[in-house]
Protein chains: 2
Amino acid sequence: MVTIRDVARLAGVSVGTVSNVLNKSNKVKPETAKRVMEAVKELNYVPNTIAKSLKTNKSNVVGVLVEDICAFSSSTIIDGICAECDSREYVVNLANLRINTMVNHFSPKTYQTLVENGHFKNAVNSSINALLSARICALIYIGAHPRDISGILPKLNIPVIYAYCYGKNGDCCVNYDDFQGAKLAVEYLIKQGHTKIALISGPLDSVPAQKRLKSYKETLKEYNIPIYEEYIRYGDWGYDYAYRECINLINLPNPPSAIFSMSDVMAYGVIKALNDNGKKVPQDVSVHGFDNIESSWYMNPPLTTVKLPLWEVGNTAAKKVFEILENQGQNQKDILIPCTHIIRNSVNKI
Amino acid sequence: MVTIRDVARLAGVSVGTVSNVLNKSNKVKPETAKRVMEAVKELNYVPNTIAKSLKTNKSNVVGVLVEDICAFSSSTIIDGICAECDSREYVVNLANLRINTMVNHFSPKTYQTLVENGHFKNAVNSSINALLSARICALIYIGAHPRDISGILPKLNIPVIYAYCYGKNGDCCVNYDDFQGAKLAVEYLIKQGHTKIALISGPLDSVPAQKRLKSYKETLKEYNIPIYEEYIRYGDWGYDYAYRECINLINLPNPPSAIFSMSDVMAYGVIKALNDNGKKVPQDVSVHGFDNIESSWYMNPPLTTVKLPLWEVGNTAAKKVFEILENQGQNQKDILIPCTHIIRNSVNKI
DNA sequence: TTGTAGGCGTTATCAC
DNA sequence: GTGATAACGCCTACAA
């Protein structure tokens, strides 16, 4: 590899001068600078960031620790991070915990067990050490699902940002706005004339499910629509439970005219259950999703849903990193980014 | 940050000794080694890979340049790479070209234009430089779609592996097997009793489309089934064209009993077209997909399709990197990993 | 305006 | 077995 020394030799100057022009110090005569830059081009010199970091004791690499890169949300979040880092000539160091595989591997259904038995913490520590060893200047942790992960990460002396998950009080967390997103859905259903609006919720120990449920209830209340407990059903974010719960809903003496499903996948199960029971969507029953996963456009009918600002979550997290690094930290610890509404054809006016 | 020097001081030995125990040299007295390790623990010492790389002139970071991390294939491939790197204590440096955004941004529909006008090459060079600057020890390039990208990358003096894309002759490329995958589908259709098998192909300038088309024709020939040119239709991998072409197929005087779509998304369009024209899948017409994107399980009916070995492509690419780095390069340049068959409910026996 | 030299945290080569 | 010390490539005083 060609070094600053080779450049200096070719340009007929000293290494100090080369360093100065490379770092845009303006105490170099333009003529000398030009000669140096020519040598750089000619030799195809690429600065050794390694050596630079060692000297300056700060690196230009941000560590990204992702719980599972295969989660539907992860790649878009990472994309948002990369975009910001690119534009600042920072580099991304990626570590993947593969938590979904771990969950399968160790068989407990929930993260909780994994956390309690220590396997998860071990994996995290080992990844963190690798990242630390590479001297990352900041860490962004990306959850596979928005939940409280406080207590998972060891104390670090670099800035840490939680993206798509929650830390303890005082930690800097960037998330989408569950409450506002759910309100988008419920309000829309109401404005389309629905008052009998059922809910297929995620499990109650899930943070997003709690927030969206709260939003569902408060929004109905806001519009003076009574809340029927039998309209509120619980799934596990998956297809099968949603299918089953939807059938329970249909069989109610006073069945709903619209079903708000807290995930698109559950909405698929709902639509299937409806179709299997001779009901057409949206003519007979309206269905509203949440997540806007890619396939929802292809569903029959195309699913009306709520889009998560995933790219923005990642991008904002990265921006936050640089804010802190540059000491402009305005201490806005908890950032909530609004969702947007994707209107397609699964909801009818009543 | 605590250094090797601090450890040495606490353990009452020299830095050289600490370095030796850290690098598992066995010329250190076990007793001394123990003392050192205790100091490491106590001080929470994390080795500075940066400094180590500078000295040894080799890094433990593999660069991953991905055309678009949001492509459906990318995250699983990256996961496969990460898994291998993790187990060897290597670290992944990720750069994302965001090519799909670029294509939108600069409006040409195909990569070709982007390549020709130089925008793409600029982006690549700038990313490569950032990676090089971080002194990656090898590069894995991940395509957004399997195509020939030779001429895109500058000449590098580190090992380069092409994953999910093709380089020039002599380059090391890791891909799934298009021919074998398509054969899986066509052969299955035949064995279910179909002989009138139509094809919705991808565009002919696409490498996978060419290979799968070849496979389609050769497999039919192998089973002595005549090839009807009017059964071969061309889409653009997307929903709409597939929908339209399927209608053309239905209106043929002798319509097919099965349709092999070269992508799952196109299969969705096919199913919709069939349904809209009063045909049931699979009772009236069988539909076979290709890709096994996540949503295909949720389709109605769940789609029978071909699964791409994406994780294995990434994992093999990473393994190849280490083979080369360790000079065991067996010079197997072109690696093709077989697809697997996912049988669900969109194909009927005849 | 430019050159020189010390040191960032390691490893490796010698002595001892 | 262990300890001193010279690099690795770069930046930054400080000297010239």
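To be clear, the structure that these remarks concern was listed above.
Report on the accompanying structure. Every value quoted in this text rests on a predicted model; they were computed, and no experiment measured them. (Residues numbered from 1 in each chain as written. Chains lettered and ligands numbered in written order. Predicted model: local features only at pLDDT ≥ 70, side-chain atom pairs only at ≥ 80, totals over all residues. Heavy atoms only, no water.)

Observations concerning helix 13 (residues 310–325) of chain B
All names here are of chain B. We apply this condition: Only runs of H or I of at least four residues qualify as helices and only runs of E of at least two qualify as strands under DSSP, and these elements are numbered from the N terminus. Take the residue count of a helix, subtract one, and multiply by 1.5 Å to get its expected span. Each residue is assigned to one of three classes by its accessible area relative to the maximum for its type, calculated with a 1.4 Å probe on protein chains only: buried under 20%, partly exposed between the two thresholds, exposed over 50%. In this description, contact between two residues means that some pair of their heavy atoms is separated by no more than 4.5 Å.
With 16 residues, helix 13 ought to run about 22 Å at 1.5 Å a step, and its terminal C-alpha atoms sit 23 Å apart, in line with that. The set of residues buried in helix 13 consists of Leu310, Val313, Gly314, Asn315, Ala317, Ala318, Lys320, Val321 and Phe322. Each element contacted by the buried residues of helix 13 is listed here: strand 1 (61–66), helix 5 (74–87), strand 3 (138–142), strand 4 (160–163), strand 5 (172–176) and strand 11 (334–337). Remark: asparagine 327 follows helix 13 within two positions and exhibits a positive phi of approximately 60 degrees.

Concerning unusual backbone geometry
Cis peptide bonds are those with omega within 30 degrees of zero, and the linkage from valine 281 of chain A to proline 282 of chain A qualifies with 5 degrees. Of the consecutive residues asparagine 300 of chain B and proline 301 of chain B, the connecting peptide bond is found in the cis state with omega at 0 degrees. Following the sequence through the fold, proline 301 of chain B ends up in the loop between strand 9 (286–288) and strand 10 (305–307). Of note in the backbone geometry, glutamate 89 of chain B takes a positive phi value of approximately 60 degrees without being a glycine. Take glutamate 89 of chain B: it is sitting in the loop between helix 5 and strand 2 (91–96). Note on glutamate 89 of chain B: relative accessible area 66%, which makes it exposed. The residue aspartate 291 of chain B is not glycine, and still its phi comes out positive at about 130 degrees. Tracing the backbone through its elements, the reader meets aspartate 291 of chain B in the loop between strand 9 and strand 10.

A short note on the interface of chain B and chain A
Keep this limit in mind: Each of two parts loses accessible area, computed with a 1.4 Å probe, when they are put together; buried area is these two losses added. For salt bridges, the criterion is a side-chain nitrogen of Lys or Arg within 4 Å of an Asp or Glu carboxyl oxygen.
In this assembly, 42 residues from chain B lie in contact with 42 residues from chain A. Both faces combined, the contact of chain B with chain A buries some 4100 Å², and carbon together with sulfur accounts for 61% of it. A per-residue breakdown of the area chain B buries against chain A is headed by Ile50, Arg135 and Tyr298 of chain B, which together make up 17% of the total. In this structure, the connection of chain B to chain A is made through four salt bridges.

Focus on the relation of the copies chain B and chain A
For clarity, the cut-off: Here the copies were fitted onto each other by least squares, based on C-alpha atoms from residues at pLDDT of at least 70 in both.
Taken as rigid bodies, chain B and chain A are interconverted by a rotation of 180 degrees and an axial shift of 0.0 Å, the fit giving an RMSD of 0.1 Å. This pairing of chains is accounted for by a two-fold axis. In terms of C-alpha distance to the rotation axis, chain B has asparagine 93 of chain B as its closest residue, with the C-alpha 2.3 Å off the axis. Interface residue correspondence from chain B to chain A reaches 100%, placing this contact among same-surface, isologous pairings.

What to know about the protein's contact with DNA strand C
Under the convention used in this document: If a single non-hydrogen atom of a residue is within 4 Å of a molecule or strand, that residue counts as near it. Polar contacts here mean pairs of N or O atoms no more than 3.5 Å apart (in protein, one a potential hydrogen donor and the other a potential acceptor; neighbouring residues in sequence count only if both atoms are side-chain atoms). Throughout this entry, Asp, Glu, Lys and Arg are counted as charged residues, while Ala, Val, Leu, Ile, Met, Phe, Trp, Tyr, Cys and Pro are counted as nonpolar. The remaining residues, Gly among them, count as polar.
In the vicinity of DNA strand C there are 23 residues, among which Ser14, Thr32 and Lys55 of chain A together with Ile4 and Tyr45 of chain B approach most closely. Among the atoms of DNA strand C close to the protein, meaning within 4 Å, 70% are from sugar or phosphate groups. Here a phosphate oxygen of DNA strand C and a side-chain polar atom of threonine 32 of chain A are 2.3 Å apart. Between DNA strand C and the protein, one listed contact pairs a base nitrogen with a backbone N or O atom of alanine 51 of chain B at 3.4 Å. Those elements giving two or more residues to the surface near DNA strand C turn out to be helix 2 (15–22) and helix 4 (49–56) of chain A together with helix 1 (4–11), helix 2 (15–22) and helix 4 (49–56) of chain B. Its residues assigned to classes, the surface near DNA strand C shows seven nonpolar, ten polar and six charged.

Quick word on the protein's contact with DNA strand D
Within the structure, DNA strand D sits among 23 residues, and Ile4 and Tyr45 of chain A together with Thr17, Thr32 and Lys55 of chain B are positioned closest to it. Those atoms of DNA strand D that come within 4 Å of the protein belong to sugar or phosphate at a rate of 73%. Separating a phosphate oxygen of DNA strand D from a side-chain N or O atom of serine 19 of chain A is a distance of 3.1 Å. For DNA strand D, a phosphate oxygen lies 2.8 Å from a polar atom in the backbone of serine 14 of chain B. Per element, the largest residue contribution to the surface near DNA strand D is four residues, and it comes from helix 4 of chain A. Looking at the surface near DNA strand D residue by residue, the classes come out as eight nonpolar, ten polar and five charged.

Points about the nonpolar core
The condition is simple: For this analysis, a nonpolar core means a set of buried residues of the types Ala, Val, Leu, Ile, Met, Phe, Trp, Tyr and Cys, connected via side-chain atoms within 4.5 Å.
Leu94 and Ile140 of chain A together with Leu94 and Ile140 of chain B are the most contacted members of the largest nonpolar core, which has 154 residues in total. Contact partners of isoleucine 140 of chain A, with chain neighbours within four places excluded, come to Val62, Gly63, Val64, Leu65, Ile81, Ile161, Ala163, Ala317, Ala318 and Val321 of chain A. Listed in part, the 29 residues of the second largest apolar core include Val124, Ile149, Val160 and Tyr162 of chain B.

Considering the packing of helix 5 of chain B against helix 13 of chain B
Angle between the axes and distance between the axes are the two parameters that describe a pair of packed helices. All names here are of chain B. Test applied: Lines are fitted to the C-alpha atoms to define the axes, a helix being fitted only along its stretch in contact, and any angle between axes, read from their N-to-C directions, falls within 0 to 180 degrees. The cut-offs work like this: below 35 degrees is roughly parallel, past 145 is roughly antiparallel, 65 to 115 is roughly perpendicular, and the gaps in between are oblique. The crossing is said to be left-handed when, going from far helix to near helix, the turn is anticlockwise and less than a right angle, and right-handed when the turn is clockwise.
Where helix 5 contacts helix 13, the two axes come as close as 6 Å, and the packing angle between them is 40 degrees. What the angle tells us is that helix 5 and helix 13 run oblique. The two elements helix 5 and helix 13 meet at a crossing, and its hand is right-handed. Taken together, the residues of helix 13 that come into contact with helix 5 (itself represented by Thr76, Ile77, Asp79, Gly80, Ile81, Ala83, Glu84 and Cys85) are Leu310, Trp311, Gly314, Asn315, Ala318, Lys319 and Phe322. When its residues are assigned to classes, the contact of helix 5 with helix 13 shows eight nonpolar, four polar and three charged.

Let's talk about the sheet that holds strand 6 (residues 197–201) of chain B
All names here are of chain B. The cut-off we apply is this: Pairing between two strands is assigned when DSSP locates at least 2 bridges connecting them.
Taking strand neighbours across the sheet as the criterion, the four strands line up as 7-6-8-9 in an open arrangement whose pairing is parallel. Each of the sheet's edge strands pairs with one partner strand only, and the pair in question is strand 7 (232–234) and strand 9. Across this sheet, the average inter-strand angle for adjacent strands is 20 degrees, counted without regard to direction. Lying on the sheet, helix 10 (residues 207–222) is in contact with strand 6 and strand 7; it crosses strand 6 at an angle near 170 degrees.

Some details on helix 10 (residues 207–222) of chain A
Residues and elements named next belong to chain A. Between its terminal C-alpha atoms helix 10 stretches 22 Å, which fits the 22 Å expected from 16 residues at 1.5 Å a residue. All of the buried residues in helix 10 are Val207, Pro208, Ala209, Arg212, Leu213, Ser215, Tyr216, Thr219 and Leu220. Where helix 10 is buried, its residues touch strand 5 (172–176), helix 9 (178–191), strand 6 (197–201) and strand 7 (232–234). One or two positions beyond helix 10, positive phi appears at asparagine 224, with a value near 60 degrees.

Here's the deal with the pairing of strand 11 (residues 334–337) of chain A
Residue and element names in this part refer to chain A. In strand 11, alternate side chains face the same way, and those of Ile335 and Ile337 are buried while those of Asp334 and Leu336 on the opposite face are not. Inspection of the sheet shows strand 5 paired to strand 11 by four bridges, in the parallel sense. Bridge pairing in strand 11 places tyrosine 176 opposite isoleucine 337.

A look at the pattern of salt bridges
Taken as a whole and judged by the stated rule, the model has 30 salt bridges over all chains. Residues lysine 319 of chain A and glutamate 84 of chain A are paired through a salt bridge, measuring 3.6 Å at the closest nitrogen-oxygen approach. Here the residue lysine 319 of chain A occupies a position in helix 13 (residues 310–325), and glutamate 84 of chain A occupies one in helix 5 (residues 74–87), the gap between them amounting to 235 residues. Judged by relative accessible area, which is 39%, lysine 319 of chain A ranks as partly exposed. Glutamate 84 of chain A sits in the buried class, given a relative accessible area of 9%. Of the charged contacts, one joins arginine 98 of chain A and aspartate 79 of chain B as a salt bridge, the two residues approaching to 3.0 Å between their closest N and O atoms. A residue pair is termed interchain when its members come from two chains, as with arginine 98 of chain A in the loop between strand 2 (91–96) and helix 6 (99–105) and aspartate 79 of chain B in helix 5. Each member of the pair, arginine 98 of chain A as well as aspartate 79 of chain B, is classed as buried.

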